[in-house]
Amino acid sequence: MKSKTNCIGILTSGGDCPGLNAAIRGVAKAAIHYGMKVVGIHDGFRGLVENRTVLLDSLAISGLLTRGGTVLGTSRDKPNKMPMGGKERDMTQVAAENAARLQLDCLVCLGGGGTQKNALHLHKEAGLRVLTLPKTIDNDVFGTDVTFGFDTAMEVATDAIDRLHSTATSHHRIIVLEIMGHNAGWLTLGAGIAGGADAILIPEIPYDLDKVAAHLAERRRTGKRFSIIAVAEGAMTREEAKAIADAAKAEKKETREADRDKKGKGKEKGEGKDRARKERPDREPEPEAPLPMAGAVRLVQEPKASRIARELQRLTGTEARVTSLGHVVRGGTPSATDRLLCTRLGTRAAELLAEGTYNVMVAVRGDGCEPVPLQEVAGRRKVIPPDHPWITTARLTETCLGD
Ligand code: F6P
């Protein structure tokens, strides 16, 4: 078959994860098979804007299958809000010009939720053809059964729970383990079930620590003198969840009011919002959004697990300890499942490119990999539904979910 695509660019964007190199290799090998030229772009969308590229020929991609991280480098920079020279700039057109100069027929973007949005932005605002693959340890990309990187991270987190069991048992302690996952609980719930955690706290189910403490006390009463609590980094108490929901409601109301004001009798642009502000004199002036630093966007946070451990120790009278896995779950070599998945996704991407299919995400659907319009995916997030089978499984194995 004569390929409809002659030259592609590949970039990796957002947080790294195991399997990115395997996916780069899968796309590139199959693309080369179809006769395409493959250009690697360094450090995500920033590399496209700054014109930093490398030719990915068959030698360059050799040995990538098992390597962790991404050889192309990554960043969280968005094309339309890129920190440049101390300012945040819209570099969309520059990205498009560079893609044209490189003669890219399509830009292949490997990334999570943010990457899907950025890719769609480049297509809509600059006419670039794009194709994406769903990557993230969080497993929260909409429209795909699973994301690559998730399986490996779940293995690492499960191994950590296994190891914590032997020390928690020996000392008759509570150990609270915090696990990444952004605002989704997939990683913590999956590893928690696989590792046999006694309580699993995830963002989708706001928790009540009194309930958790009662569960631990009952375990102790039946002779089980240790407990492991798996906590997702995004988990929240019922009070925190209510405060967030209330704030979202208030913001929505404010936006509605401002829109109504704007539409009011021939008002000039922005006037409605100004009036809404004047009517609430006690309101703080809006702070200027801080400029994200290139590279280090956030400092290491104090683990939420510390607070939970302290409270559980107080409520149960059992000594508690804390472990935070942090970026350990994202490091190292990909599992066999992820290597296979990345190779399947990558080669399917090249097939679609050869056929001339663009502006889609290649999604995992059962045993196959299918194109899904990017428009349907971007801006949506897949969290755990309350009736998900994993939730039922956890409950049926006497796991406390904090509710
Ligand atoms: O999206 C992947 C992820 O590892 C999340 O689980 C986590 O919240 C975030 O990235 C951490 O980001 P960073 O590596 O920028 O600290």
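Residues numbered from 1 in each chain as written. Predicted model: local features only at pLDDT ≥ 70, side-chain atom pairs only at ≥ 80, totals over all residues. Heavy atoms only, no water.

### Observations regarding the site of the ligand
Consideration 1: Inspection of the region around the ligand gives eleven residues, with Arg 76, Asp 138, Glu 233, His 327 and Arg 330 positioned closest.
Consideration 2: One of the side-chain N or O atoms of Arg 76 is found 2.9 Å from an oxygen atom in the ligand.
Consideration 3: Between an oxygen atom of the ligand and a main-chain N or O atom of Gly 181, the distance comes to 3.0 Å.
Consideration 4: Relative to its unbound accessible area of 400 Å², the ligand is 82% covered by the protein chains.
Consideration 5: When residues of the shell around the ligand are assigned to domains, at least three map to each of domain 1 (7–148 + 334–376) and domain 2 (152–237 + 300–330). (Near = heavy atom within 4 Å. Polar contact = N/O pair within 3.5 Å; in protein donor to acceptor, adjacent residues only side chain to side chain. Areas by Shrake-Rupley, 256 points an atom, 1.4 Å probe, with all protein chains shown as cover. Domains from an automatic or database assignment.)

### Overview of the confidence of the model for the chain
As a general rule, the predicted coordinates of low-pLDDT regions are not to be interpreted in detail.
Consideration 1: When pLDDT is averaged along the chain, the result is 92, and 90% of the positions lie at 70 or above.
Consideration 2: Overall, residues 270–297 carries pLDDT values under 50, and its contacts beyond four positions in sequence, including any with other chains, amount to 18 contacts. (pLDDT = per-residue confidence, 0-100. Contact = heavy atoms within 4.5 Å.)

### Thoughts on the environment of Lys 2
Consideration 1: Looking at the secondary structure, you find Lys 2 in the segment before strand E1 (7–12).
Consideration 2: Each C-alpha atom, one on Lys 2 and one on Lys 249, is 54 Å from the other, the two residues being 247 residues apart in sequence. (Helix = DSSP H or I, 4+ residues; strand = E, 2+ residues; numbered from the N terminus.)

### Quick look at the environment of Glu 125
Consideration 1: Take Glu 125: it is sitting in helix H4 (residues 113–126).
Consideration 2: The contact partners of Glu 125, leaving out residues within four places of it in the chain, are Thr 92 and Gln 93.

### Details of the pairing of strand E8 (residues 174–179)
Consideration 1: Counted residue by residue, E8 has six buried out of six residues, so it is predominantly covered.
Consideration 2: Side chains of E8 alternate between two faces, with Ile 174, Val 176 and Glu 178 and Ile 175, Leu 177 and Ile 179 buried alike.
Consideration 3: Pairing analysis gives six bridges linking E8 to strand E10 (residues 227–232), with the strands arranged parallel. Bridge pairing in E10 places Glu 178 opposite Val 231. (Buried < 20%, exposed > 50% of the residue type's maximum accessible area, 1.4 Å probe, protein only. Pairing = 2+ DSSP bridges.)

### As for the sheet that holds strand E12 (residues 360–365)
Consideration 1: Read from one edge of the open sheet, seven strands run E3-E2-E1-E6-E7-E12-E13, paired in mixed fashion. Each of the sheet's edge strands pairs with one partner strand only, and the pair in question is strand E3 (53–55) and strand E13 (368–373). In this sheet, adjacent strand axes meet at a mean angle of 30 degrees when their direction is disregarded.
Consideration 2: Of the pairings in the sheet, the one linking E12 to E13 comprises six bridges and is antiparallel in character. When the bridges of E13 are listed, Val 360 appears paired with Pro 373.
Consideration 3: Contacts from helix H1 (residues 20–33) reach E1, strand E2 (37–41), strand E6 (106–111) and strand E7 (130–134) within the one sheet, and its direction differs from that of E1 by about 175 degrees. (Axes fitted to C-alpha atoms, helices over the stretch in contact; angles between N-to-C directions.)

### Here we look at the side chain of Thr 136
Consideration 1: As for its position among the elements, Thr 136 is in the loop between E7 and helix H5 (150–171).
Consideration 2: Residue class for Thr 136 comes out buried when judged on its relative accessible area of 8%.
Consideration 3: Residues within four places of Thr 136 in sequence aside, it is in contact with Cys 17, Gly 112, Val 141, Thr 147, Phe 148, Gly 149 and Phe 150.

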